[in-house]
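Working through the structure, step by step
Residues per chain are reported as follows:
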Amino acid sequence: MGIKVAKFGGSSLADAAQFKKVRDILLSDKDRRIVVPSAPGKRSATDVKVTDLFYACNRLAEAGKSMDEPFGAIAERFHSIARELELDLDLDSYLNEVRRQIELGAGEDYAASRGEYLSGVLLSNCLGWDFVDPKTGIFFDECGRLDGEKTQTVLGKILKEHEHAVVPGFYGCDTHGNVKTFSRGGSDITGAIVARAAEADLYENWTDVSGCLMADPRIVRDPETIRYVTYRELRELSYMGASVLHEDAIFPVRIAGIPTNIRNTNQPDEPGTLIGYEAEEHESEYVITGIAGHKDFAIINVEKAMMNAELGFGRRVLQALEEQKISFEHMPSGIDTMCVVVHEDAIRGKKEKLIERIRQLCEPDTVEIHSGLALIATVGRGMVRSKGISARLFDALVKAGINVRLIDQGSSELNIIVGVDNLDFENAVRAIYRAFVVKKPRW
Ligand code: ADP
Ligand code: ASP
Ligand code: MG
């Protein structure tokens with residue numbers, strides 16, 4: 001018998017009907033022995049996620065105001081799930097304790113983590129599976145990063161003691177014994193950590209779409225599903241904005257050689273997307289694997305004649321960034337120009353100082369910062385073997401009337417990144433999609 005770890009996202013656990021689907025999926029395969037639930041998410045486009053309600057509770061508590069409204073909404077959501085599932089538990093005692101701790105100042109991370117915690121309590125009651133609190137098995141170090149080794153040892157040992165377990169997503173324990181959360185969407189990371197610690201054969205990530213799609217479904221209508229994607233490709237795609245899987249969820253499973261399967265809770269018969277290693281037998285139907293992108297980048301453009309001959313020039317530009325604690329994303333460069341692409345957020349309030357420092361350190365002919373840039377990555381392991389990919393991509397952008405402001409093709413030839421105006425972002429993604437994903441005629 002194998003072990004499958006199944007993580008369910010917020011929309012998969014948004015209400016009692018969704019909880020029932022999750023229960024049916026878990027019980028339909030004996031290998032599914034560990035489940036990682038998220039907090040209940042949105043039930044409709046205008047709904048509020050339980051995690052956001054908890055953040056609101058904490059803000060009100062810190063301001064010394066009543067949290068009656070958001071906490072009432074949270075209580076009602078969990079009560080209605082418990083009622084419809086006919087669960088036998090004293091939910092109010094859990095809710096009262098959570099509220100008391102938030103009012104006592106347990107902090108933002110504690111408050112935010114309670115959606116997953118309560119989801120886990122309900123699911124464990126509903127399935128009759130053991131509840132394993134990640135506070136006892138997932139650890140962060142002094143710098144707030146995951147302590148992978150300690151987690152692997154302790155959590156691995158804990159999981160061996162349970163035939164079936166519910167491990168809430170999104171949080172663990174800091175070095176002082178307090179609850180600490182991952183960044184938003186972090187239950188995906190918990191699922192991957194748990195899969196590694198349990199030495200699982202498969203990590204299933206259940207969500208509200210039938211896998212990783214070739215483009216964001218909010219931009220391209222009804223995009224094709226990617227049947228197979230390598231961890232390297234998915235890292236590029238999720239880093240660049242394919243938000244179906246948290247970008248940090250890839251590492252624990254990749255190290256352990258565990259494949260990941262992204263599935264749809266609302267369409268459990270669909271195979272979804274399988275993520276694994278490079279493999280010849282997984283030939284892709286299309287020359288590209290997917291497209292992902294993000295708005296709101298800025299380019300720092302530094303020009304100086306003969307800069308290529310000046311030893312240490314690049315280092316000094318980067319030193320200026322480092323001094324201002326700005327990390328950069330890309331660095332496409334020419335003979336006399338060096339471009340550094342950064343997130344708009346990273347340089348907010350620091351632009352003047354940064355320009356001044358680059359001037360002092362590098363004495364460039366010009367240094368300018370251009371804002372409002374969107375980056376789009378076209379990713380595909382098949383691109384290295386195909387000729388004319390760039391021509392096809394740029395032709396599509398020209399025909400769509402889009403001005404390309406930046407080009408960066410990594411030496412791996414796994415992706416081509418283009419920079420366009422924020423305003424052109426959606427049209428550019430659609431143009432690239434159309435250029436590469438031609439649906440086969442059905443005759
Ligand atoms: P969950 O709550 O299950 O963790 P998320 O909302 O975090 O789900 O991720 C799923 C969503 O990611 C989809 O509903 C979709 O809107 C969005 N998304 C963005 N890019 C992609 C993509 N390339 N493939 C699939 N979904 C994507
Ligand atoms: N509930 C958390 C969030 O909303 C974590 C997650 O859903 O993965 O970000
Ligand atoms: Mg998510």
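In what follows, the accompanying structure is described. (Residues numbered from 1 in each chain as written. Chains lettered and ligands numbered in written order. Predicted model: local features only at pLDDT ≥ 70, side-chain atom pairs only at ≥ 80, totals over all residues. Heavy atoms only, no water.)

1. Description of the overall build of the protein
Each helix and strand in the protein was counted, giving 14 helices and 15 strands. Its C-alpha atoms give the protein a radius of gyration of 24 Å, within 12% of the compact-globule value 22 Å for 443 residues. Summarising its shape, the C-alpha atoms of the protein cover approximately 75 × 65 × 40 Å along the three principal directions. Put simply, the protein has 443 residues, and 53% of those count as buried. Across the protein, contacts joining residues at least 24 apart in sequence account for 74% of those joining residues at least 6 apart. Surface summary for the protein: the accessible area is close to 20,800 Å², and the carbon and sulfur share equals 48%. With 55 positive and 68 negative side-chain charges, the protein shows a separation of 2 Å between the mean positions of the two kinds. (Helix = DSSP H or I, 4+ residues; strand = E, 2+ residues; numbered from the N terminus. Rg over C-alpha atoms; globule rule 2.2 N^0.38 Å. Buried < 20%, exposed > 50% of the residue type's maximum accessible area, 1.4 Å probe, protein only. Contact = heavy atoms within 4.5 Å. Areas by Shrake-Rupley, 256 points an atom, 1.4 Å probe, with all protein chains shown as cover. Lys, Arg positive; Asp, Glu negative; His and termini not counted. Charge placed at Lys NZ, Arg CZ, Asp CG, Glu CD.)

2. Observations regarding the sheet that holds strand E10 (residues 273-276)
Reading across the sheet, the 8 strands line up as E3-E4-E2-E1-E7-E9-E10-E8 and stay open at both edges, with mixed pairing between neighbours. The two strands at the open ends of the sheet, each matched to only one other strand, are strand E3 (130-131) and strand E8 (228-230). In the packing of helix H5 (residues 108-127) onto the sheet, contacts are made with strand E2 (32-37), E3 and strand E4 (165-166), and the angle to E2 comes to roughly 150°. Contacts from helix H8 (residues 231-239) reach E8, strand E9 (260-264) and E10 within the one sheet, and its direction differs from that of E8 by about 85°. (Pairing = 2+ DSSP bridges. Axes fitted to C-alpha atoms, helices over the stretch in contact; angles between N-to-C directions.)

3. Quick word on the site of ligand 1
Around ligand 1, the structure places 17 residues, and the nearest of them are Lys7, Gly10, Thr207, Asp208 and Leu213. A distance of 2.7 Å is found between an oxygen atom of ligand 1 and a side-chain nitrogen or oxygen belonging to Thr207. Here ligand 1, which alone exposes 570 Å², has 84% of that area covered by the protein. Partitioned by chemical class, the residues of the shell around ligand 1 number 7 nonpolar, 6 polar and 4 charged. (Near = heavy atom within 4 Å. Polar contact = N/O pair within 3.5 Å; in protein donor to acceptor, adjacent residues only side chain to side chain. Nonpolar A, V, L, I, M, F, W, Y, C, P; charged D, E, K, R; others polar.)

4. Focus: the site of ligand 2
Around ligand 2, the surrounding shell consists of Ser38, Lys49, Thr51, Glu116, Phe170, Arg184, Gly185, Gly186 and Ser187. Within the side chain of Glu116, a nitrogen or oxygen atom sits 2.7 Å from a nitrogen atom of ligand 2. Calculation on ligand 2 without its partners gives an accessible area of 260 Å², and the protein chains cover 92% of this total. Taken together, the residues that form the shell around ligand 2 break down as 1 nonpolar, 5 polar and 3 charged.

5. Quick word on unusual backbone geometry
Excluding glycine, residues mostly carry a negative phi; peptide bonds, for their part, are mostly trans. Located in the positive-phi region is Asp296, a residue other than glycine, with phi close to 70°. Its location among the elements puts Asp296 in strand E11 (residues 290-303). The phi dihedral of Met306 is positive, around 70°, even though this residue is not glycine.

6. Describing the sheet that holds strand E12 (residues 337-343)
The strand order E12-E11-E13-E15-E14 describes an open sheet built from 5 strands, whose pairing is antiparallel. Both outer strands of the open sheet, E12 and strand E14 (406-409), are each paired with one neighbouring strand and no more. Averaged over all pairs of adjacent strands, the angle between strand axes in this sheet comes to 35°, irrespective of strand direction. Bridge analysis of E14 against strand E15 (residues 415-421) gives 4 bridges, and the strand direction is antiparallel. Across the sheet, Ile407 pairs through a bridge with Val418, a residue of E15. Relative to strand E13 (residues 366-379), helix H12 (residues 351-362) is tilted by about 105°, and along the sheet it contacts E11 and E13.

7. So, the environment of Ala396
Counting through the fold element by element, Ala396 comes out in helix H13 (residues 389-399). On the accessibility criterion, Ala396 (15% relative accessible area) is buried. It is 9.6 Å that separates the C-alpha atoms of Ala396 and Arg430, two residues lying 34 residues apart in sequence. Discounting residues that sit within four places of it in the chain, Ala396 has contacts with Ala431 and Ala435.

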